[in-house]
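Overview (structure and organization)
These are the residues of each chain, in order.
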Amino acid sequence: MQAIHTDNAPAALGPYSQARRVGDFVFTSGQIGINTASGKLAEGIVAQTHTALKNLGAILQEAGLGYNDVVKTTVFLKDLNDFQIVNSVYAQYFTDALPARSCVQVAALPLSALVEIECIAVVGG
């Protein structure tokens, strides 16, 4: 197993890795819309979704992978009424090889985020 870390995505908020590589699989921790440069949460569901996905992309890039290598995502929403908005942003990042996905509403997310996204990617996915 190998821990994956990049300074191009926010540092973990607790005792966990940004991602772990196990064989050909990379498992990311959930990413919220924290702007890496400012350290602050982006404003609104659209900006937070873009930022969370960009953070995932930076972690994937550090692992030598990209969005097309993602085979499964899980999306956690503070409000399921944001589902269509998140879908419209999500579709800008996952265009060719659409991963399997789960999406659930949760009571709360770290730093009062509106969305959190995690993924599983595979080499040659």
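Going by the structure above, here's the rest.
Per chain, residues are indexed from 1 in the order of the written sequence. Under the rules for a predicted model, residues below a pLDDT of 70 receive no local features and side-chain atom pairs below 80 are neither given nor counted, while totals for whole chains, interfaces and linings still include all residues. Hydrogens and water are ignored here; the side-chain numbers use all heavy atoms of the structure.

1. Describing unusual backbone geometry
Outside of glycine, negative phi angles account for most residues, and trans bonds account for most peptide bonds. Heads up, the condition is: A run of H or I in DSSP becomes a helix once it reaches four residues, and a run of E becomes a strand once it reaches two; helices and strands are each numbered from the N terminus. Buried residues are those whose accessible area, probed at 1.4 Å on protein chains only, stays under 20% of the maximum for their type, while exposed residues exceed 50% and partly exposed ones sit between those limits.
In this model, Leu111 sits at a positive phi of 60 degrees, which is unusual for a non-glycine residue. If you trace the backbone, Leu111 turns up in the loop between β6 (100-105) and β7 (115-122). Located in the positive-phi region is Ser112, a residue other than glycine, with phi close to 60 degrees. Along the chain, the position of Ser112 falls in the loop between β6 and β7. Among the residues examined, Ser112 registers a relative accessible area of 62% and is labelled exposed.

2. Quick word on the packing of helix α1 (residues 44-62) against helix α2 (residues 83-90)
Which entries qualify depends on this criterion: The convention used is that axes are lines fitted to C-alpha atoms, helices contributing only their stretch in contact, and that angles between N-to-C directions extend from 0 to 180 degrees. The cut-offs work like this: below 35 degrees is roughly parallel, past 145 is roughly antiparallel, 65 to 115 is roughly perpendicular, and the gaps in between are oblique. By definition, any crossing whose near helix is turned counterclockwise from its far helix by less than a right angle is left-handed, and any crossing with a clockwise turn is right-handed. Residue contacts are defined here by distance: any two heavy atoms, one from each residue, within 4.5 Å place the two residues in contact. Three classes are used, and their members are as follows: Ala, Val, Leu, Ile, Met, Phe, Trp, Tyr, Cys and Pro are nonpolar, Asp, Glu, Lys and Arg are charged, and the others, Gly among them, are polar.
Two numbers describe how α1 lies on α2: the axes approach to 9 Å, and their chain directions differ by 40 degrees. Viewed along their axes, α1 and α2 adopt a mutual orientation that is oblique. At the point where α1 passes α2, the crossing takes the right-handed sense. Residues Ile45, Val46, Thr49, His50 and Leu53 of α1 lie in contact with α2, whose contacting residues are Ile85, Val86, Val89 and Tyr90. Taken together, the residues of the contact of α1 with α2 sort by class into 7 nonpolar, 2 polar and no charged.

3. Some points on the environment of Ala19
Tracing the chain through its elements places Ala19 in strand β2 (residues 19-22). With 68 residues separating them along the chain, Ala19 and Asn87 place their C-alpha atoms 24 Å apart.

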